Every structure is written in C-alpha cells, then in structure tokens.
Amino acid sequence: MGGGPAGMAAGLALTQAGADVEIVEASADWRPGGIGLALQSAPQRATKRLGIHGELVRVGRRHDVIDMCTADGTLIAQMPQMNVNGPEDPPLLGMTREAVHDVMVSAVARSRIPVRLGTTVEEIVSGVDDADVALSDGSHVTVDYVIGADGANSTLRHRLFPDAAEPAYAGQSIWRAAAVCPPGLDHYTMMLDGPLRLGLVPLPDGRLYLWMLDSGIGAERPPREDLLRLFHERLGRFGGFAPAVASQLTDTEQIDFRALTWLLMPPPWHAGRTLLIGDAVHTTTPHISYGAGLAIEDAVALGKLAASGMAFPEMAEKLAARRFERARAVVETSLQLSRWEQPPGPPEPAAPGRLIGQTLAFLAQRL
Ligand SMILES: Cc1cc2nc3c(=O)[nH]c(=O)nc-3n(C[C@H](O)[C@H](O)[C@H](O)COP(=O)(O)OP(=O)(O)OC[C@H]3O[C@@H](n4cnc5c(N)ncnc54)[C@H](O)[C@@H]3O)c2cc1C
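Bear in mind that the values here come from a model prediction, so they are computed numbers and not experimental data.

### A closer look at the site of the ligand
Right, on to step 1. Looking at the ligand, there are 30 residues lining it, with Glu25, Ala38, Arg97, Thr120 and Asp279 nearest.
Right, on to step 2. Between the ligand and Ala6 there is a distance of 2.9 Å, counted from an oxygen atom to a backbone nitrogen or oxygen.
Right, on to step 3. When the ligand is considered free in solution it has 1000 Å² of accessible area, and contact with the protein chains removes 84% of it.
Right, on to step 4. Here the shell around the ligand is composed, by residue class, of 13 nonpolar, 11 polar and 6 charged.
Right, on to step 5. Among the domains, domain 1 (5–64 + 83–167 + 263–363) and domain 2 (169–260) are the pair contributing at least three residues each to the shell around the ligand.

Encoded structure:
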C-alpha cells in the first residue's frame, strides 16, 4: 500500500523474489511531491539490486564534493562525499523527484506489477495463512501479506498501532524551489547564516534545486500573501550564486514551505499480516539526505528475506530487527544535526562534520 519510493522498491524487490505483487496508491495522478532528491552512495547500492541504478545515474548529476561557504559565498571547505561503490559510480547523486519517480514507475511497468491508482486499503482482516483486504474501489483481494508503505502520515500505522507516536516537529522548517542553474555553479553548495542553511544543488540539464533550512520561522506555513516576501528576506542574506537564483523566483507558486518532522518507531513493525516500511516507521529530517535511501534499502532487505522462503511473521520480525539500528542512525543523526542548527548550536564547530562522517561510515556497511 503506497506507491512512493518504499512501495515501488518493495514491489520490485518482492517481484524479483518470485512474489505476485500489486501496488495500491491513493493518489489518482501519482506524481511525486517535493522538488529534488539526493541519493547517497550506500542506498545507490540497493538501487543496483533493483536494476534501476544505471537509469538513475542517467537522469542524475554526480556530486563528488559539497562546497561549504560563508553567507557571502566565500569557500570555507570542500567535503568529499563517501563512495561505497565503484570509482565510476557517483558518490552523491542529485536528481529531480520527477525523474526518480519516472525511473521507478518504468521499472514497475517492466516488471508487470499492476498498480491501482486512486485506491486505498479500507480494511485488512488477517487470518493464519492469508489476509482479506477490502479496497476503497469496493473490491476484495486475498493476499499473503500487506506491505504498508504509505509514508510519514501512514493511516495503516495509525490503525494498527493506535498508541504509536505520530511524526513530531523537529524545530526547523524548509523552503524549497526549482530554478535554472546559474553559469559557473558546478558544485553542490551549502551556505550558512545564523538560523539559515542554504543548499544549491546543480541538477542535470542546467536545472537547480534550492533548499533552505530555517530554524527561526516555526512550524506554521506563513499566509500565502507573505510567503514570497518572507522567502526573499531570508534568501537575500546570502551572496555568491544566491542572488542569481533569487532573481528567478518571483511567484509564490514557485516556493514550497514545510515543517520538518521526525519519527522512529521501535519494532515490531508488523501486526497481523501487515508490515510497515519506509517513512511509515522512520521519518527523518533531510540533514544527511537519506530518507528515500532508507526506504529503498528497507525494500531490498525485505526482498532478500522473502526470497529465502521465510514465513511472514518471522520475515517481518527479522526485517525490523535488521533495519532498526540503521533507521535509528539516520533519524537520530539527522535530528541531532537539526538541533545543532538551532540555538545554542553545536558543542564545537567540528561536531556536525564528525557526526556525519561516523554515521555515513556506519551506513556504508552492507545491508
Ligand atoms: C524536505 C525533504 C527533503 C528530503 N530530501 C531527501 C533527499 O535528498 N534524499 C533522500 O534520500 N530522502 C530525502 N527525503 C526523504 C524522502 O522524501 C522520504 O524518506 C521518502 O519519500 C519516503 O518514501 P516512502 O515511500 O516511505 O513515503 P512517501 O514518499 O511519502 O510515499 C508514500 C506513498 O503512499 C501513498 N499513500 C499515502 N497514503 C495512502 C493510502 N492511505 N493508501 C494508498 N496509498 C497511500 C502516497 O500517495 C505516496 O505515493 C526528504 C524529505 C523531506 C521532507
């Protein structure tokens, strides 16, 4: 249930494992939310197993380093990005969300996985050997198990685990926009200014993904009539390439604003014959660009367990046991980085870089 990165990757991985899969997606037009996505090296390894890495590389732009700059655009340091794959593989891969979605949708179609759009799961009645699933289109299907990949605000989580925590505000919000990449901006660039951190991510075909973390504005989306002004007040504090990007962003419709949330659900991740994966059980702030990667890794790990022929409850228990520490590393590191961007800041200037290095080294281990 859910046709995002976790659901589509689970469809592909389980099909590879020999299962008959059907995807049920609530949205009728099935377009991705958001603008850009960076995929770290370790989850790219998972996309290799799904057979989509080559296509992702074709629609993405490789980033070997991130330029760290002051607010006026002066380069302070270059952070090399970790590569756990071959030297020809991109350490960090920057893509549009649309491109990632299209690559995954094509792979789902090639694998002949049926997709029911505009449909959701109304009820799941779990038996000993299978489950009866009532869908919102009025039909019923009998399945071995249901994979709940319905995202951070998962209705399945809410239904199956009514006492589980819901995603919590992390203390920061994020502004995002798409633009044309200014000439000369060749590297993924981050700039810091007080409560703001700006990211300029060059994408293929001369496009650019802008994100700006904001520790000062609160969780509530500003009124529509104030959005553009508040965005430019903040972006205007940055020099370097920022003014060339700012001049392109003249319409409120170009600006996306949302509060950052996090969730880390301890196992079990299954109840009856339903197993939750992806953001439904671990929602992370984007500080190490790993949420979608984690979701795709969940799916690949699930496919491996399914291929071993394990019975459902054992498979579900093993999956959560295998994945929880990894999810915890991503969610807790990202949250810590988020908190260090809020007053009073990190205990020492080198602490964030050191934590990122330690966490990515841990995540470099095989699934
Ligand atoms: C600001 C921001 C920036 C990010 N940047 C990055 C990044 O650079 N790199 C990275 O790896 N990750 C990033 N992430 C995280 C990433 O977006 C998520 O981790 C990823 O999308 C999770 O995938 P998912 O499939 O679990 O959930 P989702 O992407 O939320 O997909 C859930 C799907 O389920 C469907 N659905 C929902 N409810 C139902 C229902 N009741 N029935 C049927 N279908 C349903 C939805 O329509 C959707 O298609 C970022 C997140 C944020 C908030």
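### Observations regarding a positive patch on the surface
Right, on to step 1. Taken together, Arg49, Lys304, Arg322 and Arg366 make up a surface patch of like positive charges.
Right, on to step 2. Summarising the element assignment, Arg366 is placed in the segment after α10 (351–363).

### Thoughts on the UniProt feature "domain: FAD-binding" (unreviewed entry) in the protein
Right, on to step 1. As annotated by UniProt and renumbered to match this structure, "domain: FAD-binding" (unreviewed entry) occupies residues 2–333.
Right, on to step 2. Note that residues 2–333 is 31% helix and 30% strand, and that its end C-alpha atoms are spaced 26 Å apart.

### Structural notes on the nonpolar core
Right, on to step 1. Ranked by size, the top nonpolar core spans 73 residues in total, and within it Leu50, Ile52, Leu56, Leu275, Ile277, Tyr290 and Leu302 carry the most contacts.
Right, on to step 2. At 12 residues, the largest contribution of residues to this core is made by helix α9 (residues 312–340).
Right, on to step 3. Aside from chain neighbours lying at most four places away, what touches Ile277 is Ala6, Ala10, Ile147, Gly148, Ala149, Asp298 and Leu319.
Right, on to step 4. Residues Ala177, Leu185, Leu198 and Ala242 belong to the second largest nonpolar core, which totals 26 residues.

### Thoughts on helix α1 (residues 5–16)
Right, on to step 1. Here α1 spans 16 Å end to end across 12 residues, near enough to the 16 Å set by a 1.5 Å rise per residue.
Right, on to step 2. Of all 12 residues in α1, 9 are buried; the element is thus mostly enclosed.
Right, on to step 3. Buried within α1 are the following residues: Ala6, Gly7, Met8, Ala9, Ala10, Gly11, Leu12, Ala13 and Leu14.
Right, on to step 4. Where α1 is buried, its residues touch β1 (23–25), α4 (97–110), β11 (146–148) and α8 (291–307).

### Structural notes on the domain arrangement of the protein
Right, on to step 1. When its domains are assigned, the protein resolves into domain 1 (5–64 + 83–167 + 263–363) and domain 2 (169–260).
Right, on to step 2. Here domain 1 and domain 2 have C-alpha centroids that lie 26 Å from each other.
Right, on to step 3. Here domain 1 and domain 2 share an interface that buries about 1700 Å² over both sides, 59% of which is from carbon and sulfur atoms.
Right, on to step 4. Contact with domain 2 buries area across many residues of domain 1, yet Ile35, Arg61 and Glu341 alone supply 35% of it, more than any other trio.
Right, on to step 5. Viewed at the interface, domain 2 and domain 1 are joined by 1 salt bridge.
Right, on to step 6. Of the charged contacts in the structure, one is a salt bridge between Glu341 and Arg197, with a shortest N-O distance of 2.5 Å.
Right, on to step 7. Along the contact surface separating domain 1 from domain 2 lie 8 residue pairs in polar contact (both at pLDDT 80 or more).
Right, on to step 8. Of all elements in the fold, only β2 (36–39), β3 (61–63), β6 (92–96) and α9 reach the threshold of two or more residues within the side of domain 1 that touches domain 2.
Right, on to step 9. Top element by residues in the side of domain 1 that touches domain 2 is β6. It accounts for 4 residues.

Cut-off values and rules
- Residues numbered from 1 in each chain as written.
- Predicted model: local features only at pLDDT ≥ 70, side-chain atom pairs only at ≥ 80, totals over all residues.
- Heavy atoms only, no water.
- Near = heavy atom within 4 Å.
- Polar contact = N/O pair within 3.5 Å; in protein donor to acceptor, adjacent residues only side chain to side chain.
- Areas by Shrake-Rupley, 256 points an atom, 1.4 Å probe, with all protein chains shown as cover.
- Nonpolar A, V, L, I, M, F, W, Y, C, P; charged D, E, K, R; others polar.
- Domains from an automatic or database assignment.
- Patch = residues over 30% accessible without salt bridge, like charges linked within 9 Å, V, L, I, M, F, W, Y side chains within 5 Å.
- Salt bridge = Lys/Arg side-chain N within 4 Å of Asp/Glu carboxyl O.
- Lys, Arg positive; Asp, Glu negative; His and termini not counted.
- Charge placed at Lys NZ, Arg CZ, Asp CG, Glu CD.
- Helix = DSSP H or I, 4+ residues; strand = E, 2+ residues; numbered from the N terminus.
- UniProt positions renumbered as here; feature names shortened; annotations may be inferred.
- Core = buried A, V, L, I, M, F, W, Y, C linked by side-chain atoms within 4.5 Å.
- Buried < 20%, exposed > 50% of the residue type's maximum accessible area, 1.4 Å probe, protein only.
- Contact = heavy atoms within 4.5 Å.
- Expected span 1.5 Å × (residues − 1).
- Buried area = accessible area lost by both parts, 1.4 Å probe.

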